[in-house]
Amino acid sequence: MEALRQQISAMRQSFFDEDILDTHIFQLEQVEHISDPSLFEDFVNVYLRDSTKTLAIIEEEMTNNPVNYMDLDKYFHQLKSSSNCIGANKVVNEAKKAIELCKEENLEA
């Protein structure tokens, strides 16, 4: 059992080392311990549900001809904001890049 805990701990640390997650996740975990044990799980489930919907909308928006960059920018901001709240740093960084491409009206990069 100890070997499994060490493996999980190492994997968790790699998420931070590889800039996939940031410290927001710790803050959410602390709130869970203080108030409601299922709060963190609920928060993550809502994030996954909503971000999946947002990504589907983004994909659909990108097929429009012409592309409405203002709408696309709005959805990328939404994805960036919700990802930032949960500490999904890699998603935040990719959304920032996409927002810049929307400002340039360039999806080809």
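Please read all numbers here as calculations on a predicted model, not as lab measurements.

Can you explain the nonpolar core? Please cite residues and give values.
The biggest cluster of nonpolar side chains holds ten residues, and these are Ile58, Val67, Tyr69, Leu72, Tyr75, Phe76, Leu79, Ala98, Ile99 and Cys102. Elements with a minimum of two residues in this core: helix H4 (69-86) and helix H5 (89-103). Looking at this core element by element, the count peaks at five residues for H4. Dropping the residues within four chain positions of it, Tyr69 is found in contact with Cys102, Glu105, Asn106 and Leu107. With seven residues, the next largest nonpolar core counts Ile25, Leu28, Phe40 and Ala88 among its residues.

Please give an account of the packing of helix H3 (residues 39-63) against H4 that cites residues and values.
For any two helices packed against each other, one specifies the crossing angle of their axes together with the interaxial distance. Put simply, H3 and H4 touch, their axes get as near as 10 Å, and they point 160 degrees apart. It follows from the interaxial angle that H3 and H4 lie roughly antiparallel. Considering how the two elements wind past one another, H3 and H4 form a crossing that is left-handed. In this structure, H3 contributes Phe43, Val44, Tyr47, Ser51, Thr54, Leu55, Ile57, Ile58, Glu61 and Met62 to the contact, and H4 contributes Asp71, Leu72, Tyr75, Phe76, Gln78, Leu79, Ser82, Ser83, Cys85 and Ile86.

Describe unusual backbone geometry, naming the residues involved and giving the relevant values.
Here Asn65 and Pro66 are connected by a cis peptide whose omega angle stands at 5 degrees. Tracing the backbone through its elements, the reader meets Pro66 in the loop between H3 and H4. If you check the backbone angles, Glu105 has positive phi at about 50 degrees while not being a glycine. Following the sequence through the fold, Glu105 ends up in the segment after H5.

Could you give an account of H4, naming the residues involved and the relevant values?
Counted at 1.5 Å a residue, the expected span for H4 with its 18 residues is 26 Å, and the 26 Å between its end C-alpha atoms agrees. Among the residues of H4, the N-terminal cap falls to Asn68, whose side-chain oxygen and the backbone nitrogen of Met70 are separated by 3.1 Å.

Before we move on, could you go through the environment of Glu60 and cite the residues and values that matter?
Within the secondary structure, Glu60 is located in helix H3. By relative accessible area, which is 56% here, Glu60 ends up exposed.

Report on a nonpolar patch on the surface, specifying residues and quantitative values.
On the surface, Met1, Leu4, Ile8, Met11 and Phe15 cluster together into a nonpolar patch covering about 520 Å² of accessible area. Its place among the elements puts Met1 in the segment before helix H1 (2-17).

Calculation notes
Residues numbered from 1 in each chain as written. Predicted model: local features only at pLDDT ≥ 70, side-chain atom pairs only at ≥ 80, totals over all residues. Heavy atoms only, no water. Core = buried A, V, L, I, M, F, W, Y, C linked by side-chain atoms within 4.5 Å. Buried < 20%, exposed > 50% of the residue type's maximum accessible area, 1.4 Å probe, protein only. Helix = DSSP H or I, 4+ residues; strand = E, 2+ residues; numbered from the N terminus. Contact = heavy atoms within 4.5 Å. Axes fitted to C-alpha atoms, helices over the stretch in contact; angles between N-to-C directions. Parallel < 35°, antiparallel > 145°, perpendicular 65-115°, else oblique. Left-handed = near helix turned anticlockwise from the far one by under 90°. Expected span 1.5 Å × (residues − 1). Polar contact = N/O pair within 3.5 Å; in protein donor to acceptor, adjacent residues only side chain to side chain. Patch = residues over 30% accessible without salt bridge, like charges linked within 9 Å, V, L, I, M, F, W, Y side chains within 5 Å. Areas by Shrake-Rupley, 256 points an atom, 1.4 Å probe, with all protein chains shown as cover. Salt bridge = Lys/Arg side-chain N within 4 Å of Asp/Glu carboxyl O.

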